[in-house]
Structures are given as C-alpha cells and as structure tokens.
Amino acid sequence: MTTYSWAFGLAQSKLADVLPRRWAHVQGVARQARELRSIAGDQAELLETAAVLHDIGYAPDIAVTGFHPLDGAVFLGDAGASDRLVHLVAHHSYAALEADLRGLSQQLKNYDDEGGLLRDALWYCDLSTTPHGQKVDARARIAEIQDRYGPDHLVTEFITKASPELLAAVDRTQVRLDACEALS
Ligand SMILES: [Fe+2]
C-alpha cells in the first residue's frame, strides 16, 4: 500500500459519510495537488498525501480543540504519520495566524512551518479549491469565505488578515508552475 492510498482510505473513512461536502473539497484539493506534480518532483506523493489529509481534523471523532489543523496534526501523529506530514497539516493555509486569534498558539508551537515549495503548494491547492471541490481562483475563494461567514466572524477576521501571506504562497506556486510549463 502506498502512503497516498493509506491517506486516501483514512480520510475517506473519517469524512465521506459524516462530512460529505468536506470530503468533496478534500478530493478536489488532492486533484489540484496531482496537477502540481511537475513542481513537486520527488515530493509529489507527500504533497498529495498532505492534500488528502489536510482537513481530517474536521472529523467529529478527531476534533478535540475544534481547531482542525491542530486536531488533525495530533491525530496523524498518533496514527504514525511522518513528522513532515504532520507538520504540513498543522500549518496548512496559515493556521499559525488562526491559532493566534483562537488563543491556541502554544499548542501549535509543537509543530514547525517548513516554508518553501511544498508548503506553498499545499496552501495553493487548498485556496484554489471550493468547498465543493471545484477549482477556483484563490482571490475569489477568499472573497467567498468573507461573504459566507460575514463581517463579524472570527474566520472572516482570519482570512482578511491572512490574505497577503496566503496569496503570496499562491503566487509563488503559480510562478513555479509557469516556469516548469515553459520548460516542458
Ligand atoms: Fe481545506
């Protein structure tokens, strides 16, 4: 069994029945990750694995703090996932900022944000996928989140403050993708 097929089965078992929309989103993020194989190179499987597991912390039987990057990371660490995979999930899509807003920074400090190509690519995939799993422009996705939660919600506060960092990761990934495609 490959790491990815283990991850897919795990995510499916935790999300498909109880949170079908989240499962559709996760599968869309994994599809996007596959499209980034050219830039991920020999780390392509890790990227796809992180993509399919990034939201596993939403599963009701995994959620402990209610902050899904942290809950997912704790669960995956206990499940024997590699440290790198656990840390990527813990820090996906600028979770550090949301942890700050939720008063959970101390717990997230157990994990490192590795920065760089793979981490940017994971953020790109998440930001470029709708809640239903379709591909979307990252800027439109951010606007949709602000609209869905409304001006007073913590998620809106987070996404608004996080936008520059999120979009920088998206744009860096797009540049890497364009450069790769220009060479092929
Ligand atoms: Fe996501």
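Residues numbered from 1 in each chain as written. Predicted model: local features only at pLDDT ≥ 70, side-chain atom pairs only at ≥ 80, totals over all residues. Heavy atoms only, no water.

As annotated in an unreviewed UniProt entry, the chain carries the name HD domain-containing protein and is attributed to Allosaccharopolyspora coralli.

Engineer: How would you sum up the packing of helix H7 (residues 95-102) against helix H11 (residues 154-183)? Please name residues and give values.
Structural biologist: The contact between H7 and H11 brings their axes to 10 Å, and the two run at 135 degrees. With respect to each other, H7 and H11 are oriented oblique. The handedness of the crossing between H7 and H11 comes out as right-handed. On H11, the residues that touch Leu97, Glu98, Leu101 and Arg102 of H7 are Leu154, Glu157, Phe158, Lys161 and Ala162. Grouping the constituent residues of the contact of H7 with H11 by class yields five nonpolar, no polar and four charged. (Axes fitted to C-alpha atoms, helices over the stretch in contact; angles between N-to-C directions. Helix = DSSP H or I, 4+ residues; strand = E, 2+ residues; numbered from the N terminus. Parallel < 35°, antiparallel > 145°, perpendicular 65-115°, else oblique. Left-handed = near helix turned anticlockwise from the far one by under 90°. Contact = heavy atoms within 4.5 Å. Nonpolar A, V, L, I, M, F, W, Y, C, P; charged D, E, K, R; others polar.)

Engineer: I'd love a proper account of the layout of surface pockets, names of residues and values included.
Structural biologist: Estimates place the volume of the largest pocket at around 550 Å³. As for the largest pocket, its lining consists of 27 residues, and the residues nearest its centre are Arg22, Tyr58, His68, Arg141 and Tyr149. (1 Å grid on protein atoms, 1.4 Å probe; cavity = no way out; pocket = protein on both sides within 12 Å on 5 of 7 lines; lining within 4 Å. Points joined across faces, edges and corners; volume = space filled by probe spheres on them.)

Engineer: Please provide a residue-by-residue account of helix H1 (residues 3-15), values included.
Structural biologist: Taking 1.5 Å per residue as the helical rise, H1 with its 13 residues ought to reach 18 Å, and the 18 Å between its terminal C-alpha atoms agrees with that figure. Buried within H1 we find Tyr4, Ala7, Leu10, Ala11, Lys14 and Leu15. One side of H1 carries all its buried residues, which in axial view fall inside an arc of 130 degrees. As for H1, its buried residues are in contact with helix H2 (20-35), helix H4 (44-53) and helix H5 (68-78). (Expected span 1.5 Å × (residues − 1). Buried < 20%, exposed > 50% of the residue type's maximum accessible area, 1.4 Å probe, protein only. Arc of directions from axis to C-beta.)

Engineer: Before we move on, could you go through the nonpolar core and cite the residues and values that matter?
Structural biologist: Grouped together as the largest cluster of nonpolar side chains are 59 residues, with contacts concentrated most on Leu36, Leu47, Val52, Leu53, Leu76 and Leu108. Ranked by residue count, the leading element in this core is H11, at nine residues. Each residue touching Leu47, except ones within four places of it in the same chain, is listed here: Ala33, Leu36, Ala40, Leu118, Ala121 and Leu122. (Core = buried A, V, L, I, M, F, W, Y, C linked by side-chain atoms within 4.5 Å.)

Engineer: Describe the coordination of the iron ion, naming the residues involved and giving the relevant values.
Structural biologist: His25 (NE2), His54 (NE2), Asp55 (OD) and Asp126 (OD) make up the full set of protein donors to the iron ion, lying at 2.1 to 2.5 Å. Coordination geometry of the iron ion: the four donor atoms subtend angles of 83 to 172 degrees at the metal centre, consistent with an arrangement described as irregular. Counting the intervening residues between successive donors of the iron ion yields the motif H-x28-H-D-x70-D. Taken as a pair, His25 in helix H2 and Asp55 in the loop between H4 and H5 lie far apart in primary sequence, 30 residues in all. One exposure class covers both His25 and Asp55, and it is buried. (Donors = N, O, S within 2.8 Å, 3.2 Å for Na, K, Ca; no water. Tetrahedral: all angles 85-135°; square planar, octahedral: opposite > 155°, others 65-115°.)

Engineer: So what's going on with the packing of H4 against helix H6 (residues 83-90)? Which residues, and what values?
Structural biologist: When two helices pack together, you describe them by how their axes are tilted relative to each other and by the distance separating the axes. Two elements in contact, H4 and H6, have axes whose closest approach is 10 Å; the angle formed by their N-to-C orientations is 50 degrees. One way to sum up the angle between H4 and H6 is to call them oblique. Seen along the crossing, H4 lies across H6 with a hand that is right-handed. Here Leu46, Thr49, Ala50 and Leu53 of H4 lie close against H6, whose contacting residues are Arg84, Leu85, Leu88 and Val89. Its residues placed into classes, the contact of H4 with H6 shows six nonpolar, one polar and one charged.

Engineer: Break down the packing of aromatic side chains for me, with residues and values.
Structural biologist: In this structure the tally under the stated criterion is three aromatic pairs. On the basis of an interplanar angle of 50 degrees and a centroid distance of 6.2 Å, the ring pair of Tyr4 and Phe8 is categorised as tilted. With Tyr4 and Phe8 both in helix H1 and four residues apart, the pair spans about one turn of that helix. Arranged with centres 5.8 Å apart and planes meeting at 25 degrees, the rings of Tyr94 and Trp123 form a pair that is stacked. Highlighted residues: Tyr94 in the loop between H6 and H7 and Trp123 in helix H9 (residues 116-127), separated in sequence by 29 residues. Here Arg119 stacks its cationic end above the ring of Trp123, 3.8 Å away from the centre of that ring. (Phe/Tyr/Trp six-rings, centres within 6.5 Å; stacked < 30°, edge-to-face > 60°. Lys NZ or Arg CZ within 6 Å of the ring centre and 35° of its normal.)

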